[in-house]
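Summary of structural features
Residue strings, one per chain:
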Amino acid sequence: MAKLLKVGVLASGRGSNLQAIIDASEKGELSARVVVVVSDKAGARALERARAHGIPAVYLNPREYSTREEYDRAVADVLEAHGVEVVALAGYMRIVTGELLDRFPNRVLNIHPSLLPAFPGLEAQRQALEHGVKFSGCTVHFADGGLDSGPIIAQAVVPVLPDDTTETLADRILAEEHKLYPLVLQWLAEDRVRIFGRKVVILPPTDS
Ligand code: GRF
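Analysis parameters
Residues numbered from 1 in each chain as written. Predicted model: local features only at pLDDT ≥ 70, side-chain atom pairs only at ≥ 80, totals over all residues. Heavy atoms only, no water. Helix = DSSP H or I, 4+ residues; strand = E, 2+ residues; numbered from the N terminus. Buried < 20%, exposed > 50% of the residue type's maximum accessible area, 1.4 Å probe, protein only. Contact = heavy atoms within 4.5 Å. Areas by Shrake-Rupley, 256 points an atom, 1.4 Å probe, with all protein chains shown as cover. Lys, Arg positive; Asp, Glu negative; His and termini not counted. Charge placed at Lys NZ, Arg CZ, Asp CG, Glu CD. Core = buried A, V, L, I, M, F, W, Y, C linked by side-chain atoms within 4.5 Å. Pairing = 2+ DSSP bridges. Axes fitted to C-alpha atoms, helices over the stretch in contact; angles between N-to-C directions.

Here we come to the overall build of the chain. If you tally the helices and strands in the chain, you get 6 helices and 9 strands. For the C-alpha atoms alone, the extent of the chain along its principal axes is close to 50 × 50 × 35 Å. Classification of the 208 residues of the chain by burial places 48% in the buried group. Contacts spanning at least 24 positions in sequence make up 63% of the contacts within the chain whose residues lie at least 6 apart. In the form shown here, the chain has an accessible surface area of approximately 10300 Å², with 53% of it arising from carbon and sulfur atoms. The positive charge centre, built from 23 side chains, and the negative charge centre, built from 27, are 1 Å apart in the chain.

So, about the nonpolar core. Residues Val9, Leu109 and Val184 are the most contacted members of the largest nonpolar core, which totals 43 residues. It is helix α6 (residues 166–189) that provides the largest number of residues to this core, a total of 8 residues. Filtering out sequence-adjacent residues up to four positions away, Val9 remains in contact with Leu18, Val34, Val36, Val37, Val38, Ala88 and Ala90. Leu10, Val58, Leu60 and Ala143 belong to the second-largest nonpolar core, a separate cluster that totals 22 residues.

Quick look at the sheet that holds strand β6 (residues 135–142) now. If you trace the 7 strands from one edge of the open sheet to the other, you get β3-β2-β1-β4-β5-β6-β7, paired in mixed fashion. Every interior strand has two partners, whereas the edge strands, β3 (57–59) and β7 (152–159), have only one. With direction set aside, neighbouring strand axes in the sheet form an average angle of 20 degrees. Summarising the sheet, β6 and β7 pair through 7 bridges and their orientation is antiparallel. Bridge pairing links Gly137 to Val157 in β7. Where α6 meets the sheet, it contacts β1 (5–10), β4 (86–89), β5 (108–112), β6 and β7, and its direction lies at approximately 155 degrees from that of β7.

Laid out in structure tokens, this is it:
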């Protein structure tokens, strides 16, 4: 079997994107496996999901570190110790610093529930509804130390319906997130992703 890309997931909460990645990997649809999950929240459901699949789950308490940089150094140490090649932020509620990004250059991804650059930050679905856009969606992008600001790898679009609430819109977007994140990881596993400044190009698949 071909070598599997080693993915480390950082998550603060529910972990449904983590679950989608684990499921795709276990079904053999993804040439990658999650080798460690790190969380800044002790009670994160993401940690439980990892443990349920025999994946090391590590809680690092931010209060035990005096700076964001120091915290990220500890996170990066854990990721490196598990041989992580790609870091996937999935509902991770912290902005990552250069301490982490420099250890995994162009290898830290994030998923956001809007069509960036529209509606970065918290409550993206509410922002979309309040703005009155007719379409929204999700974005997988490289993390660059800003707020949902790095080069965009892929996006999926969903309609915004007249009677949508933040919950119904979030659910519709989430269904796309669960397809898009594994897809992008598969492109990385196949070494098909190239970055030119802000522009990301996906190379066509090679016959194997
Ligand atoms: C997702 O909507 C993701 O786009 C955003 O936070 C949410 C995390 O959900 N960054 P989950 O923890 O993966 O279920």
